[in-house]
Amino acid sequence: MLGLGRAAMAMPNDMMQLLESGHCPGCVLERVDLVHGQLQGANLQGANLRDGNFSRADLRRADLRDANLEFTSLQGANLQGSDLRGARLYGTDLRGADL
């Protein structure tokens, strides 16, 4: 289930693009709450995901190159095969994440 439980800074068009297509390179999705999100193979290259909650999300094979993941929760997320080259991970919670 995808949701915006916290005060979201996500751009509405960007959120719709992600939910409809699973791809949103360069999108602004700050503070988005996508706990348990099904984002396998998503293209989020260069996206701003700062302060987001992707706990227990399925991000297998996701393209997260150059994404801003600062202070994002990826606790328990499945990141197998994801491309994190150049991603900003300062303060990111990766406890229990499957890398």
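Preceding block: the structure.
Residues numbered from 1 in each chain as written. Predicted model: local features only at pLDDT ≥ 70, side-chain atom pairs only at ≥ 80, totals over all residues. Heavy atoms only, no water.

Caption draft 1: Structural detail: the overall build of the protein chain. Assigned secondary structure in the protein chain consists of 1 helix and 0 strands. Seen along its three principal axes, the alpha-carbon backbone of the protein chain occupies a region of about 30 × 25 × 20 Å. Here the protein chain holds 99 residues, and the buried ones make up 42% of them. Sequence-distant contacts, at least 24 apart, represent 9% of the contacts inside the protein chain between residues at least 6 apart. Treating the 10 positive side-chain charges of the protein chain as one cloud and the 12 negative ones as another, the clouds have centres 3 Å apart. (Helix = DSSP H or I, 4+ residues; strand = E, 2+ residues; numbered from the N terminus. Buried < 20%, exposed > 50% of the residue type's maximum accessible area, 1.4 Å probe, protein only. Contact = heavy atoms within 4.5 Å. Lys, Arg positive; Asp, Glu negative; His and termini not counted. Charge placed at Lys NZ, Arg CZ, Asp CG, Glu CD.)

Caption draft 2: Looking closely at a nonpolar patch on the surface. A contiguous nonpolar surface patch, about 260 Å² in accessible area, is contributed by L89, L94 and L99. Locating L99 in the fold gives a position in the segment after α1 (12-21). Look at L99 and you get exposed, because its relative accessible area is 63%. (Patch = residues over 30% accessible without salt bridge, like charges linked within 9 Å, V, L, I, M, F, W, Y side chains within 5 Å. Areas by Shrake-Rupley, 256 points an atom, 1.4 Å probe, with all protein chains shown as cover. Salt bridge = Lys/Arg side-chain N within 4 Å of Asp/Glu carboxyl O.)

Caption draft 3: Representation of unusual backbone geometry. A positive phi angle, close to 65°, is found at D51, a residue other than glycine. Locating D51 in the fold gives a position in the segment after α1. Unusually for a residue other than glycine, R56 sits at a positive phi of about 60°.

Caption draft 4: Up close: α1. When α1 is considered as a whole, its buried residues turn out to be D14, M15 and L18. Take α1 and look down its axis: the buried residues cluster within an arc of 100°, on one side only. Looking at α1, the residues exposed on the side facing more than 90 degrees away from the buried face are P12, N13 and E20. Remark: G22 follows α1 within two positions and exhibits a positive phi of approximately 80°. (Arc of directions from axis to C-beta.)

Caption draft 5: Local environment of the packing of aromatic side chains. Applying the stated rule across the entire model yields 1 aromatic pair. For the pair F71 and Y90, a centre-to-centre distance of 5.4 Å together with 85° between the ring planes defines the contact as edge-to-face. Here F71, found in the segment after α1, pairs with Y90, found in the segment after α1; they are 19 residues apart in sequence, far enough to count as distant. Of the residues examined, F71 reaches a relative accessible area of 38% and is grouped as partly exposed. A relative accessible area of 60% means that Y90 is categorised as exposed. (Phe/Tyr/Trp six-rings, centres within 6.5 Å; stacked < 30°, edge-to-face > 60°.)

Caption draft 6: Structural view of the state of the cysteines. Tallied over the full model, the rule gives 1 disulfide. Covalent S-S linkage joins C24 and C27, the inter-sulfur distance amounting to 1.5 Å. Where C24 bonds to C27 through sulfur, the torsion about that S-S bond is close to -75°, and the disulfide is left-handed. Across this residue pair, the class does not change: C24 and C27 are buried. (Disulfide = S-S within 2.5 Å.)

So, to be careful, I would describe these as geometric facts and stop short of saying anything about function.
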